[in-house]
Amino acid sequence: MSVKYIPVQWNWNKYIYDAVMLLGAGLFLYVFLYAAPGILSHERPINAQVHNARAFGACAFVMLTVILCIGPLARLDPRFLPLLYNRRHFGVMTAFVAITHAGYIVDWYFAFSASNKYEALLFANTSYGQLAGFPFEVFGIFALFTLILLAATSHDFWMKFLSPPVWKRIHYLIYPAYLSVVAHVSFGILQDQQNHVFTAIFVGGALAVGVLHLLAALKDRRTDAATSAAAADWVEVCDVAEMNDGFAKIKLLANGERVAVYLNEGRLSAISNACAHQNGPLGEGRIIDCLVTCPWHGFQYDVTNGRSPAPFTEKVPTYNLKMDGTAVFVDPRANPPGTYVEPLRLRDGATS
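First things first, this report covers the structure right here in the doc. (Residues numbered from 1 in each chain as written. Predicted model: local features only at pLDDT ≥ 70, side-chain atom pairs only at ≥ 80, totals over all residues. Heavy atoms only, no water.)

## Points about the sheet that holds strand E9 (residues 321-324)
The three strands are arranged E1-E10-E9 in an open sheet whose pairing can be described as antiparallel. Every other strand in the sheet has two partners, leaving strand E1 (235-239) and E9 as the edge strands with one partner each. Going across the sheet, the axis of each strand differs from the next one's by a mean of 30°, ignoring polarity. (Pairing = 2+ DSSP bridges. Helix = DSSP H or I, 4+ residues; strand = E, 2+ residues; numbered from the N terminus. Axes fitted to C-alpha atoms, helices over the stretch in contact; angles between N-to-C directions.)

Written out as structure tokens, the structure is:
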């Protein structure tokens, strides 16, 4: 959906993304439930209800781990950027898997309580002063309600209604939710293990999230330091011979912004690399009829003025360009969003 809540048409990338996501979750549940039922050994035999609950719980944990790995992977290697396009779909599906897990738990462990099963969930175990037998349910409840909140506010309406900064801060709750899941599993399921197959999966997933975020932060820090040391005046983007018609070269500026410089029918134009919709990478889109299409959700912009075609009103900043020989330079001082800039014509023989 656009910021005006107009449906964005689906494409094959979206269908493939969701199909792979659904297939992966289904395959995980099949392996857990049928192909390898002995993956978790317990001190006492468990029934199908408990086994189903643990299968969906494990699936939700793995899905949440993958979601939190996508961001740093995309920062470390741009080839992972396509995984970001519909990551919110992934989060919504994870919430439904977690709800299914909670449903199995409540309907089995607390259904036969003398009190209401939801009251029993909250008050059956209040041993907060000890490590062994700690009421790990509270961590799961917090994580579940956080996932439901994030899924419920994933629609673009909420981004527009709350404003992008507020919406982003709310969705940062995914990190405390993940820590709560880690605590929930640590105090709960792992205490009932006889082998360490799932323990290895759990620990490995949590470590992967932490290590990838650390590596991405270190890379960003090195990049920012190198960029800050660069000249604050005109910034060299590339040699024009390296550019392909209809595509862009992306340059990181000293202020942290990224500019996309396009070659379009022998003329150069530059706009912000961040789509006004959800900061999608405009530089990965291709120009058709002077319009570049954001690969995330299909928003279009004229590369000469940064404006979306009517009736849409989205705008992004533009940049001034110049050439020194065959080298392309960009002025790091952005023009206001929607400012027209005369395209820079290439001299004869500037490209091969």
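Moving on, there is more to tell.
## Some points on the nonpolar core
Counting 55 residues, the largest nonpolar core has Tyr-262 and Leu-282 as its most contacted members. Elements with a contribution of two residues or more to this core: helix H1 (12-35), helix H2 (48-76), helix H3 (87-109), helix H5 (137-152), helix H8 (174-187), helix H9 (197-228) and strand E3 (258-264). Top element by residues in this core is H2. It accounts for 13 residues. If near-sequence neighbours (up to four positions away) are discounted, Leu-282 is found in contact with Tyr-262, Ile-271, Ser-272, Asn-273, Ala-274, Cys-275, Val-292, Cys-294, Tyr-301 and Val-316. One finds Met-243, Val-259, Leu-263 and Tyr-319 within the second-largest nonpolar core, a separate group that totals 17 residues. (Core = buried A, V, L, I, M, F, W, Y, C linked by side-chain atoms within 4.5 Å. Buried < 20%, exposed > 50% of the residue type's maximum accessible area, 1.4 Å probe, protein only. Contact = heavy atoms within 4.5 Å.)

## Points about the environment of Leu-346
Tracing the backbone through its elements, the reader meets Leu-346 in the segment after strand E11 (344-345). With a relative accessible area of 16%, Leu-346 lands in the buried category. Sequence spacing of Leu-346 and Leu-263 is 83 residues, and the spatial spacing of their C-alpha atoms is 9.4 Å.

## Notes on the packing of aromatic side chains
The full count for this structure, using the stated rule, is nine aromatic pairs. Ring plane angle 15° and centroid distance 5.8 Å describe the contact between Phe-61 and Tyr-178, whose orientation is recorded as stacked. Taken together, the residues Phe-61 in helix H2 and Tyr-178 in helix H8 connect sequence positions 117 residues apart. Classification of Tyr-178 by relative accessible area gives buried; the value is 5%. Summarising the aromatic geometry, the rings of Tyr-172 and Tyr-175 are spaced 6.4 Å apart at their centres and angled 35° between planes, so their arrangement reads as tilted. According to the relative accessible area criterion, Tyr-172 is partly exposed, its value standing at 46%. By relative accessible area, which is 36% here, Tyr-175 ends up partly exposed. Clustering of aromatic rings is evident, with ring pairs tying together Phe-61, Tyr-178 and Phe-202. (Phe/Tyr/Trp six-rings, centres within 6.5 Å; stacked < 30°, edge-to-face > 60°.)

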